[in-house]
Every structure is written in structure tokens, then in C-alpha cells.
Amino acid sequence: MTDQDVAPAPDRAFQCEACGGVSEYAPGTYALRCPYCKHEQDITPIPRQVTEHPIGELAVLPRRASPPGRVKVYTCPGCHAVTESDTLSDKCQFCATPLVADASGTERVVPEAVLPFGVGREQARDALAEWTRSRWFAPNELKSVTEAETFRGSYLPHWTYDAQTTTQYTGERGEHYWVEEEDSEGRSRQVRHTRWHHTSGTVGRFFDDVLVPGSGQVPVKELDKLAPWPLEETVPYQEEYLAGFRTVRYDVEPEAGLESAKARMAPVIRADCKRDIGGDEQRVHSMSTLYSGLTYKLVLLPVWFLTYLHAGKAWPVMVNACTGEVIGERPYSAVKITLTSVGGALLIALVVLLVVMLRN
Ligand SMILES: [Zn+2]
Ligand SMILES: [Zn+2]
């Protein structure tokens, strides 16, 4: 046995009905497009609704057939070459034919929903150009940004959780009052004080679709910047939407994701407690939360990853492939900034020189 799957699940390829080539999902549509003859064919929607699964179901799910990190072997239906990749979809490394795996063959949790690419490659490129243009001090060279070859669209796995929460809290309500006091020189003035009262209570809140990244490949902080996602536009998971894109497998288990989701709910609940306490100031000492009706689902979100080259350095950028939001580092032009400050210094020197000359 090697580190590879010995019995690969059947891979899907979507043949163009006009020329027999392999079609790809066309961003912004509900169709597949053939890269050779440009023929488009509609994706037949599967008769299924996106559903949230009770968290209790996790306990009875079998273990994953193939844990993340295990390389999957795709056999290209176009050129019959073999491609190794730890993904749910990819492209043939030789002829770029889209390859889509059967997720049920390897995954404990199969994606429930997919948010299809809305922004295509050209639009992502335009969004990047706009983003670099709008930056003050961005170098002139950015007008002719060179793209590195890593310009690719990926679906990233995310968990969403729903929960009805009931929280019992204890805390203190602070009420302001004013006291007339005399200062050291005998003048009277109003001084504000706070009187604290112990309090406790119960607050409830329903959380819908709390989003948690399902892959550690991209830092959570960076992914959070791509939010918000138009989750109402998700469709039931269907392999056609993956054709032509890379799909990352989840490596954060849903149980661990739930803990992150609870951590995201906590500050919202704390704010609810403070509102419930009322008064002028609030202290929360303890919160005990019961979660009922907990559900989860796995959803794939579309991101363009691009790297542009500038001054011998590669700059990574992500584009939310639904909203066009661009996230990334921007290079400041060292030359431009230096010239500006040198220019300022020269101007001051000139003024000083003039003043000195006029005085003499
Ligand atoms: Zn075709
Ligand atoms: Zn191939």
C-alpha cells in the first residue's frame, strides 16, 4: 500500500454535447461552457433542497475513507494521464481537462451546498487592476502588473452552524448619580458616582449560518476579510459547478468548527446580556449557554487566488468571486515616497535660502 488511494472513486467529466470536448462551469451562469467551441449547455438542477443537518448526526457518520493529506489519483478522461492531487476537483496537469471527484467516495461529510463563481477570470483581473489603481502611492509599475502563473479559482470549504441559544447570566448594573462635593478651595461641584446592583437574567437568540472556515490552508483572519458572502445564493451541491476549478477538502472537522462557531457567538450573547442588564454601565460575571436545535452544513465558497509580480517579489491577492472584494498586501513605492519627501526637503531649503538672501 502506498500513501495513495488504491481504488479511486469514479471521476466525472462533462462532455460538450456539440464537439465532445470537456466543458467547464461558466462563472455567473447556471451553465457549462466548452473551452474549445464555446457551446453552452444548462446545468440540470438536481431535485434537492439545501438542508441543515442535526449535529447529532455526526456521531453516526462513518470515518473518512481518505483523510486529508492523502493524495488522490485522477485519471484524465481526455489524455488518460494520471494527476495526483488532494482535492475534490482539479485540472489535468497535462491537458487542463477539468477533473471532478466523487466526494462520497472519500469524505465523511459531503458538501451540502455550493456558492457558484459569480466573478469570472477577466472580472477578477479587472477587480485587481481597480484595486491597485485606487491605492495612493501604489507604484507606476502596477499599471503593467505582471501576473504570475498562479491565477486560479478555488472553492474553499466552510462550515455553517445554526443554533437557538438560551443564556443565563449574572452581573451588575451600574447607575450613575451625582453628588455635590467641595474641592480643596471650598468651591462646590457636581461629581459623578456609580452605584452597582447585583443582577441576573436570561437572554435568548437564534443564530443563523454562523460561518467557520473548514480549511487551515488560508489564515482565518484573511478569510474573514472576504466576508460577507451572499449565502442566500447557494445552490445544492452539484459536481458541475466544480468543473474547471480546484476544490479544497476540509481539514477542520465539524466538531472543531462548532467550537469556533460558539466562540463567534459569545460576544454577540455578551452584548445581549449587557442590553438586558440595562442601567448606565454593565458588568457580566458569568454566562452559561444552552444550545438547542444545533445544525451544521458544509458549503463551498469561491475565491480567486492571484499572485502578481512587482520589483522581484510575488504579492498574493484573494478575490471574493461573488462580490469582487479584493484582499491582499499592496506594495508602496519606495521611490515615490522618497522623491516626495526629498522634494519637500528641497522646498524648505529653498525658502530658507530666500529668507536669508532677502534679509541681507
Ligand atoms: Zn465543444
Ligand atoms: Zn489530460
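Remember, it's a predicted structure, so these values are computed and weren't measured experimentally.

Undergrad: I'd like to hear about the nonpolar core, residue by residue, with values.
TA: Judged by nonpolar contacts, the single largest core of 31 residues is most densely connected at Tyr25, Tyr155, Tyr241, Leu242 and Trp304. Counting residues in hydrophobic clusters, the runner-up holds 21 residues, among them Tyr161, Val212, Val284 and Leu298.

Undergrad: Tell me about the packing of aromatic side chains, and name the residues and values.
TA: In the structure shown here, the tally under the stated rule is nine aromatic pairs. Both rings, one in Tyr25 and one in Tyr241, keep their centres 5.1 Å apart while their planes meet at 65 degrees; by these two values the pair is edge-to-face. With a gap of 216 residues between them, Tyr25 in strand E1 (residues 24-25) and Tyr241 in the loop between strand E13 (235-236) and strand E14 (246-248) connect regions that are remote in the sequence. Judged by its relative accessible area of 4%, Tyr241 is buried. Each residue in the set Tyr25, Phe117, Tyr155, Tyr241, Phe245 and Trp304 is aromatic and connected to the rest through ring pairs, giving one cluster.

Undergrad: Give me the sheet that holds strand E2 (residues 31-33): which residues, what numbers.
TA: Taken in spatial order, the three strands line up as E1-E2-E3 in an open sheet, and their pairing is antiparallel. Edge positions in the sheet fall to E1 and strand E3 (40-42), since each has one partner strand and no second. The sheet contact formed by E1 and E2 spans two bridges and is antiparallel. Bridge pairing links Tyr25 to Leu32 in E2.

Undergrad: How would you summarise the layout of surface pockets if you had to cite specific residues and measurements?
TA: For the largest pocket, the calculated volume is near 510 Å³. The wall of the largest pocket is formed by 21 residues, among which Glu24, Lys91, Arg121, Gly244 and Trp304 lie closest to the centre. Taken together, the elements giving at least two residues each to the lining of the largest pocket come down to E1, strand E7 (87-91) and strand E11 (152-182). Split by residue class, the lining of the largest pocket holds eight nonpolar, four polar and nine charged.

Undergrad: Give a detailed account of the coordination of the zinc ion (ligand 1), specifying residues and quantitative values.
TA: Donor atoms from the polypeptide that coordinate the zinc ion (ligand 1) comprise Cys16 (SG), Cys19 (SG), Cys34 (SG) and Cys37 (SG), at 2.3 Å from the metal. Geometry at the zinc ion (ligand 1) is tetrahedral, judged from its four donor atoms and the angles of 102 to 117 degrees they form at the metal. Here the donor residues for the zinc ion (ligand 1) map to a single chain with the spacing C-x2-C-x14-C-x2-C. Here Cys34 lies in the loop between E2 and E3 and Cys19 lies in the segment before E1, a separation of 15 residues in the sequence. Since its relative accessible area comes to 42%, Cys19 is described here as partly exposed.

Analysis parameters
- Residues numbered from 1 in each chain as written.
- Chains lettered and ligands numbered in written order.
- Predicted model: local features only at pLDDT ≥ 70, side-chain atom pairs only at ≥ 80, totals over all residues.
- Heavy atoms only, no water.
- Core = buried A, V, L, I, M, F, W, Y, C linked by side-chain atoms within 4.5 Å.
- Buried < 20%, exposed > 50% of the residue type's maximum accessible area, 1.4 Å probe, protein only.
- Phe/Tyr/Trp six-rings, centres within 6.5 Å; stacked < 30°, edge-to-face > 60°.
- Helix = DSSP H or I, 4+ residues; strand = E, 2+ residues; numbered from the N terminus.
- Pairing = 2+ DSSP bridges.
- 1 Å grid on protein atoms, 1.4 Å probe; cavity = no way out; pocket = protein on both sides within 12 Å on 5 of 7 lines; lining within 4 Å.
- Points joined across faces, edges and corners; volume = space filled by probe spheres on them.
- Nonpolar A, V, L, I, M, F, W, Y, C, P; charged D, E, K, R; others polar.
- Donors = N, O, S within 2.8 Å, 3.2 Å for Na, K, Ca; no water.
- Tetrahedral: all angles 85-135°; square planar, octahedral: opposite > 155°, others 65-115°.

Fair warning: the whole summary comes from geometry, so function is off the table for now.
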